[in-house]
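# Inside the fold
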Amino acid sequence: MATATMAETKTGRGTIAALMTALLAACVAFQLNASMLSPALVTMGQELKADQALIGLSQTWFFTAAALFSLFLPRLSDIVGRKKVLVGMMLLMAVGSVIAALAPDITWLFVGRIIQGVSGPTVPLCLIMLRSAVSNPRKYGTLMGLITAVNGGVAGVDSFVGGYFAEHYGFRSIFWLMVVLAAAATALIVFLASESRPAAGTRMDWLGVFFIVVAVGALLTALNEGSKLVGGFNSGTLMLSLALVAVSAVAFLAFWRTEQRAAQPMVETVHLRQRSTWAPLLTTTLTMTGIFAVINGIVPAYVQAGSPGFGVGPTEMSLIILTPYALLGWLVGALSGRLAPVLGYTKVLRIGLLGSIAALAVIAFLGLHSLPLMIFGTVLLGIMYAGTVNIMLNGLGVVLSPARNPGFLPGMNAGAFNLGAGLSFLILPAVLVATSALGDAGASYLTVVLVGLALTVAAFAASLLIPKPVEAEVAA
């Protein structure tokens, strides 16, 4: 697969250091939309008088919206300008944060979170902008690691601050902080980043966009409705879920036919058939589904629960669980990014996946009975998932993308990240609810983590099918 980008139209000024400042600001602002809320989910439910299932659903719809916008915004940025699209994403993130901060009820929280979801492809778009500016594989790998490590948490500060603000000022204060950070990121991008339009003059395939968004959106909604069957069989819910699956299948078929006939397709169907496309997308989806809700939902909830958990407060939980996880991911990210061009992107990915499987096993069999071992398990997960797997999956989306359509695979991969995150908050809490009916809360949490572990094993198997991005790697 060709990996070099097309000749690009660039405007603006600035050095690599200035560009990195702007890109890191954007990634930090986006990441706070997800990770800083993790320790505040319980507080959000209390203040909005909503149960945790609805609060969790607001997370699911944030990632659903992020998945849908990720499908086409990177390709649109190739045409109208990457800087322009990134600025628009940051501004809408700020708007969504204001709405969520002022939300009088759960409905308006949903509205705010969905608008925030427009920022879904922030990390891949930043990586595309970086790759167009840095041609040296070693240097790009290191800088890629720094940017992508943010996707696992902002050096642990986000979770600590989120827990502290939720405990002392309420969840709304977190959204107001997001507004400030999104505005700051917007200003930095405007003044420090350069514009690039590698596909200037190309017409956007909006019909293809419509069909793929309907296909993925209908599938996600079907999964959401299907999860309601866990609490008890309902023929109406079952029929609606099946109807949505049918709509998704028809829409995807229409998307495929549209791309075959379009003069300037959003995605060339030949690329969709290649292992360099579907194997990383499958690996990303399975990895996120297996791990994301475990570290951002299940483990924090368990540690805070009085029984069978450890009864730890939100701030302390963030300090001992989420902060070390994210901090080590941040520190290891630059190293794994530097190693990827030398050892191989796929080899480093598989090492990280095996380490993540070991971390989940520690959490499941030891951490649920011992707080120190729970901390150890999450630290190992921070090193292996946040600092390694997450970096490689984002990087592969960029370096395996076809030269004539550099925004295609990063956009699809961002969609897979957000799809997997949404599925994770959909499937794993549903498993927790279903097994809780058996009366043993400890066994319920064990079952959930084991389901996550099984999905991560499947992700490792899928990773064996990803081809080496030879042109992005160098000799040791």
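Refer to the preceding data block for the structure.
Predicted model only: the values in this text are computed from it and were never measured.

### Side note on the packing of aromatic side chains
Across all of its chains, the model carries ten aromatic pairs by this definition. With 6.0 Å between their ring centres and 40° between their planes, phenylalanine 252 and phenylalanine 255 make a pair best called tilted. Pair noted here: phenylalanine 252 and phenylalanine 255 are both in helix H12 (residues 235-261), with a separation of three residues, about one helical turn. With a centroid separation of 6.2 Å and an interplanar angle of 50°, the aromatic rings of phenylalanine 252 and tryptophan 256 are classed as tilted. Of the two residues, phenylalanine 252 and tryptophan 256 are both situated in helix H12; the distance of four residues between them amounts to about one turn of the helix. Each member of the aromatic cluster is reached from another via a ring pair, and the members are Phe69, Phe72 and Trp206. The ring centre of phenylalanine 62 lies 4.1 Å from the NZ or CZ of arginine 113, which sits over that ring.

### Notes on helix H19 (residues 441-463)
Here H19 contains 23 residues, and its C-alpha end-to-end distance of 34 Å stays within 8% of the 33 Å for a straight helix at 1.5 Å per residue. Looking only at H19, the buried set comprises Ser444, Tyr445, Val448, Val449, Gly452, Leu453, Thr456, Ala459, Ala462 and Ser463. As for H19, its buried residues are in contact with helix H14 (275-304), helix H16 (345-367) and helix H18 (408-436).

### Side note on the packing of helix H17 (residues 371-399) against H18
It is at 7 Å that the axes of H17 and H18 come closest, and there the two elements cross at 150°. For the pair formed by H17 and H18, the contact residues are Asn390, Leu393, Asn394, Leu396, Gly397 and Val398 on the first element and Leu409, Pro410, Asn413 and Phe417 on the second. A class-by-class count of the residues in the contact of H17 with H18 yields six nonpolar, four polar and no charged.

### Overview of a nonpolar patch on the surface
On the surface, Phe160, Tyr164, Tyr169 and Leu319 cluster together to form a nonpolar patch covering roughly 400 Å² of accessible area. Along the chain, the position of phenylalanine 160 falls in helix H9 (residues 157-169).

### Remarks on the nonpolar core
Counting residues in each nonpolar core, the largest one holds 142 residues, and the members touching the most others are Leu86, Leu109, Tyr140 and Tyr345. Filtering out sequence-adjacent residues up to four positions away, leucine 109 remains in contact with Met44, Leu48, Ile55, Ser58, Ala100, Ala103 and Phe175.

### Details of the packing of helix H8 (residues 137-149) against helix H15 (residues 314-343)
Contact geometry for H8 and H15: axes closest at 7 Å, N-to-C directions at 155°. Taken together, H8 and H15 sit at an angle that is classed as roughly antiparallel. Between H8 and H15 lies a crossing of right-handed hand. Residues Pro137, Arg138, Gly141, Thr142, Met144, Gly145, Leu146 and Ala149 of H8 form the contact with H15, whose participating residues are Gly329, Trp330, Gly333, Ala334, Gly337, Arg338, Pro341 and Val342.

### Points about the state of the cysteines
Under the counting rule described, the total for this entry stands at zero disulfides. Cysteine 27 takes part in no disulfide bond, and the closest cysteine sulfur, belonging to cysteine 126, lies 3.7 Å away.

### Quick word on the environment of asparagine 394
With respect to the element layout, asparagine 394 can be found in helix H17. The class for asparagine 394 is buried, based on a relative accessible area of 6%. Measuring from C-alpha to C-alpha, the distance between asparagine 394 and threonine 148 comes to 7.0 Å, with 246 residues separating the pair along the chain.

### Observations regarding the pattern of salt bridges
Summed over all chains, the structure comprises three salt bridges. Linking arginine 82 and aspartate 78 is a salt bridge whose minimum nitrogen-to-oxygen distance equals 3.1 Å. The burial state of arginine 82 is the same as that of aspartate 78; both residues are buried. The residue lysine 468 makes a salt bridge to glutamate 473 at a minimum N-O spacing of 2.8 Å. One network of salt bridges, with partners in common, ties together Arg75, Asp78 and Arg82.

Definitions and cut-offs
- Residues numbered from 1 in each chain as written.
- Predicted model: local features only at pLDDT ≥ 70, side-chain atom pairs only at ≥ 80, totals over all residues.
- Heavy atoms only, no water.
- Phe/Tyr/Trp six-rings, centres within 6.5 Å; stacked < 30°, edge-to-face > 60°.
- Helix = DSSP H or I, 4+ residues; strand = E, 2+ residues; numbered from the N terminus.
- Lys NZ or Arg CZ within 6 Å of the ring centre and 35° of its normal.
- Expected span 1.5 Å × (residues − 1).
- Buried < 20%, exposed > 50% of the residue type's maximum accessible area, 1.4 Å probe, protein only.
- Contact = heavy atoms within 4.5 Å.
- Axes fitted to C-alpha atoms, helices over the stretch in contact; angles between N-to-C directions.
- Nonpolar A, V, L, I, M, F, W, Y, C, P; charged D, E, K, R; others polar.
- Patch = residues over 30% accessible without salt bridge, like charges linked within 9 Å, V, L, I, M, F, W, Y side chains within 5 Å.
- Areas by Shrake-Rupley, 256 points an atom, 1.4 Å probe, with all protein chains shown as cover.
- Salt bridge = Lys/Arg side-chain N within 4 Å of Asp/Glu carboxyl O.
- Core = buried A, V, L, I, M, F, W, Y, C linked by side-chain atoms within 4.5 Å.
- Parallel < 35°, antiparallel > 145°, perpendicular 65-115°, else oblique.
- Left-handed = near helix turned anticlockwise from the far one by under 90°.
- Disulfide = S-S within 2.5 Å.

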